[in-house]
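# An overview of the molecular structure
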Amino acid sequence: MDKNIVVFNTLTRKKEKFEPLNSAFVGMYVCGPTVYGDPHLGHARPAITFDLIFRYLKHVGYKVRYVRNITDVGHLENDADEGEDKIEKKARLEQLEPMEVAQYYLDRYHKFMDRLNVLRPSIEPRASGHIIEQVEMVKKIIKSGYAYEVNGSIYFDVEKYNKKNNYGKLSGRVLEDLLANTRDLEGQDEKKNPFDFALWKKASPEHIMHWSSPWSEGFPGWHLECSAMSTKYLGEYFDIHGGGMDLLFPHHECEIAQSVAANGKEPVKYWLHNNMITINGQKMGKSLGNFITLEEFFTGNHKSLSQAFSPMTIRFFILQAHYRSTVDFSNEALQAAEKGLKKLMQGIVTLNKIKPSANSDVNIIKLQHDCYDAMNDDFNSPIVISNLFEAVRIINSANDGKEKLTIKDIESLKKLFNDFAYDILGLRDDSLYSGNNSIDGLMELILSLRKNAKENKDFSTSDKIRDELLKIGITLKDTKDGAVWKVE
Ligand code: ZN
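Our subject in this report is the structure included herewith. Here the residue numbering is sequential within each chain, running from 1 through the sequence in written order. Reporting of local features is limited, given that this is a predicted model, to residues whose pLDDT is at least 70; pairs of side-chain atoms are given and counted only at 80 or more, and all residues count toward the totals for whole chains, interfaces and linings. Side-chain figures throughout are based on the complete set of non-hydrogen atoms in the structure, without hydrogens or water.

Before going further, it helps to examine the overall build of the chain. In this text, helices come from DSSP runs of H or I with a minimum length of four residues, and strands from runs of E with a minimum of two, each type numbered from the N-terminal end. Helix and strand counts for the chain stand at 16 helices and 15 strands. This radius of gyration counts C-alpha atoms alone. The globule rule is 2.2 Å times how many residues there are, raised to the power 0.38. A compact globule built from 488 residues would reach a C-alpha radius of gyration of about 23 Å, and the chain, at 25 Å, matches this within 12%. Remark: exposure states derive from per-residue accessible area (1.4 Å probe, protein chains only) relative to the maximum for the residue type, with buried under 20%, exposed over 50%, and partly exposed in between. Within the chain, the proportion of its 488 residues that are buried is 53%. Partitioning the contacts of the chain with sequence separation of at least 6, the portion at a separation of at least 24 is 74%. Computed over 64 positive and 69 negative side-chain charges, the separation of the two mean positions in the chain equals 4 Å. We call two residues contacting when some pair of their heavy atoms lies within 4.5 Å. Charged-residue counts in this description rest on Lys and Arg as positive and Asp and Glu as negative, His and the chain ends being excluded. For charged residues, the charge sits on one atom: NZ in Lys, CZ in Arg, CG in Asp, CD in Glu.

Given 3.6 residues to a turn, an α-helix orients residues that are three or four positions apart in the same direction. Multiplying 1.5 Å by the residue count of a helix minus one yields the expected span of that helix. Helix length check: helix α12 (residues 364-376), at 13 residues, gives a terminal C-alpha distance of 19 Å against a target of 18 Å (1.5 Å per residue), a fit within 8%. For α12, the set of buried residues is I364, L367, Q368, C371, Y372, A374, M375 and N376. Residues of α12 that are buried sit in contact with β1 (6-9), α1 (41-59), α13 (381-399) and α14 (407-424). Two to three positions downstream of the cap, the backbone nitrogen of I365 sits 3.3 Å from a side-chain oxygen, assigning the N-cap of α12 to N363. A positive phi of about 55 degrees marks D378, the residue just after α12. Pairs of N or O atoms within 3.5 Å make up the polar contacts considered here, provided that, within protein, one atom can donate a hydrogen while the other can accept it, and that residues adjacent in sequence are counted only when both atoms are side-chain atoms.

Here the rule is simple: two strands pair whenever DSSP picks up at least two bridges between them. Strand order in this open sheet of three strands is β12-β11-β13, and the pairing throughout is mixed. If you trace the sheet from one side to the other, it starts and ends with β12 (282-283) and β13 (327-329), each paired once. Sheet topology note: the strand β11 (residues 277-279)/β12 ladder contains two bridges and is antiparallel. Bridged to I279 within β12 is Q282. With axes taken as lines fitted to C-alpha atoms, and helix axes fitted only over the stretch in contact, angles between N-to-C directions fall between 0 and 180 degrees. Lying on the sheet, helix α10 (residues 311-319) is in contact with β11 and β13; it crosses β13 at an angle near 145 degrees.

We now examine the packing of α12 against α14. Across the interface, α12 lies against α14 with an axial gap of 9 Å and an inter-helix angle of 20 degrees. Taken together, the axes of α12 and α14 lie roughly parallel to each other. In the packing of α12 onto α14, the handedness of the crossing is left-handed. Residues I364, I365, L367, Q368, C371, Y372 and M375 of α12 touch α14, and the partners they reach there are D409, S412, L413, K415, L416, D419, F420 and I424. Between 65 and 115 degrees an angle is taken as roughly perpendicular, under 35 as roughly parallel, over 145 as roughly antiparallel, and anywhere else as oblique. Each crossing gets its hand from how the near helix is turned against the far one by less than a right angle, where anticlockwise is left-handed and clockwise is right-handed.

Our next topic: the sheet that holds strand β10 (residues 268-274). By definition, the strands of a sheet pair up through backbone hydrogen bonds, in either a parallel or an antiparallel sense. Spatially, the four strands line up as an open sheet ordered β4-β3-β9-β10, and their pairing is parallel. Of all the strands in the sheet, just β4 (63-68) and β10 have a single pairing partner and so form its edges. Here the average twist between neighbouring strands, direction ignored, is 20 degrees. Sheet topology note: the strand β9 (residues 238-244)/β10 ladder contains six bridges and is parallel. Along β10, the bridge assignment pairs I240 with Y270.

What follows is about the nonpolar core. As used here, the term nonpolar core means buried Ala, Val, Leu, Ile, Met, Phe, Trp, Tyr and Cys residues forming a set that is joined through side-chain atoms within 4.5 Å. By size, the foremost hydrophobic cluster in this structure holds 82 residues, and its most contacted members are F297, I314, F329, F379 and F417. For this core, the two domains that each supply at least three residues are domain 1 (6-274) and domain 2 (278-431). Excluding residues that lie within four positions of it along the chain, F329 makes contacts with L41, I277, T278, I279, N280, F297, I314, F317, I318 and L334. Of all hydrophobic cores here, the second largest spans 44 residues; its members include V67, I154, L178 and L248. All domain edges in this entry derive from an automatic or database-based domain assignment.

Relative to the elements of secondary structure, L413 occurs in helix α14. Exposure remark for L413: the relative accessible area of 0% places this residue in the buried category. A C-alpha to C-alpha distance of 8.0 Å links L413 and L351, two positions 62 residues apart in sequence. If near-sequence neighbours (up to four positions away) are discounted, L413 is found in contact with L351, I364, A391, I395 and L405.

Salt-bridge detection follows one rule: a side-chain nitrogen of Lys or Arg within 4 Å of a carboxyl oxygen of Asp or Glu. If you walk through the whole model with that rule in mind, you get 24 salt bridges. For R315, the salt bridge goes to D51, with nearest N and O atoms at 2.8 Å. With R315 in helix α10 and D51 in helix α1, this pair connects stretches of sequence that are 264 residues apart. Judged by its relative accessible area of 0%, R315 is buried. For D51, a relative accessible area of 0% puts it in the buried group. Residue E236 is joined to K265 by a salt bridge in which the shortest nitrogen-to-oxygen separation is 3.5 Å. Of the two residues, E236 is situated in the loop between α7 (222-234) and β9 and K265 in the loop between α8 (248-263) and β10; the sequence distance between them amounts to 29 residues. Owing to a relative accessible area of 38%, K265 belongs among the partly exposed residues under this scheme. Here the salt bridges do not stand alone but share partners, grouping D38, R108 and E295 into one network.

This brings us to the packing of aromatic side chains. Side-chain rings of Phe, Tyr and Trp, where Trp is taken by its six-membered ring, are said to pair if the distance between their centres is within 6.5 Å; with planes under 30 degrees apart they count as stacked, over 60 as edge-to-face, and otherwise as tilted. Scanning the model with the defined rule gives 16 aromatic pairs in all. Ring plane angle 65 degrees and centroid distance 5.5 Å describe the contact between F156 and Y161, whose orientation is recorded as edge-to-face. Pair check on accessibility: F156 and Y161 agree, each one buried. Ring geometry for F156 against F197: centres 4.9 Å apart, planes inclined by 10 degrees, an arrangement best described as stacked. You can see F156 sitting in strand β6 (residues 153-156) and its partner F197 sitting in strand β7 (residues 197-202), a full 41 residues away along the chain.

Once that is clear, we can look at the pairing of β9. Here is the key point about a regular strand: its side chains alternate between the two faces of the sheet. With seven of seven residues buried, β9 lies mostly within the body of the structure. In terms of strand pairing, strand β3 (residues 25-30) meets β9 through three bridges, oriented parallel. Bridging across to β9, M28 finds its partner in I240.

Purely geometric stuff here, so don't read any function into it on its own.
Shown next as structure tokens:
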């Protein structure tokens, strides 16, 4: 397949032809969730954006190693250096092990991402499982002279780094300006410079999560885990690094500085950033009262929501905007997306009923080309969706007898929907997941097959059925009267 992809590289601020370092393989790293709170819209957008890119790269024939980390060593307030660790705070309040808190929210994250039909990455490394790699990286940075120790904590020396390198090249910020605009931090700050960031922090006595290092019992700085784990799984220089625009500075800027200091080279060829989400034109925030979790969207259980919105409505709505544009959520916009998605899915059903003609007056191949052109142009999903709506218009018109479709046209349309609606955009018919009666019969059949398997002591099949159903959000519970099921 023609791999003619152009991507907007945040580093160079322009569109560039996508040429991976190895022509058949793409290494992609995306900053993943901090597992201390329930998944919300802010999690959905980057997950769906890089899922679209992951799906498309695979569709055109690349082998992709997609690495998305899990931040579970604590994520401190106030730029990762100061404040209280949120996982620990929760653990203390609820008398749990910190890893119990992290596991609970990680499971919740997976469950909701599965419902949004976000594919699991190839590797999901946990920061807590890579302390050794992080300590090794700090040692390298100290050796190169770009870090200093104060009372058992290690800080990155941004000013020194900036003398030979450009701290700010990704975000376009200039260190001198940043310094001029910063008031002196009061108190006993250990850092030489307010923009220095922690590579390793000595743990205070009340800190529950800490590990040994040559400098102190402590824990790694937040920026470090991404540099250490991307290097481990993708190498010192890899193709794509993604994340939300909110991570551009300081997080990604610091990742570049760490890699240059430790490995002597920049880590990433293409930096990709998705834009942010607003709700009724406002930034989403707990203090603004417009903070809506995915569960609240799916159940409609939030004062700002007029109804429940299905996972596919959320996914479709996010994909209706280009990933570099902002997305504004409102009840009206979501209702429109729900209607649009229904129309698209209905078009696919209607397609199966159309009687072919001997000749036709439509050009389906052009629609297919236009969809590929759109995806090749920096993953332009809204243009793909508008082409799919044009396909639906043709289908409805043919169904009304106004336009004609040959057997070949119908096959091409089926392929168009299979490739673009299902495989690349990752849409699916949500009615199956929203308590619609049409799955009752299907579930009855599946449960009777599972019952047979159990009676034949074929437990691997019966377990597989249970596990596969769980993956699509259907849980089974075995009772003495047989299994009962429920859509989560
Ligand atoms: Zn990161």
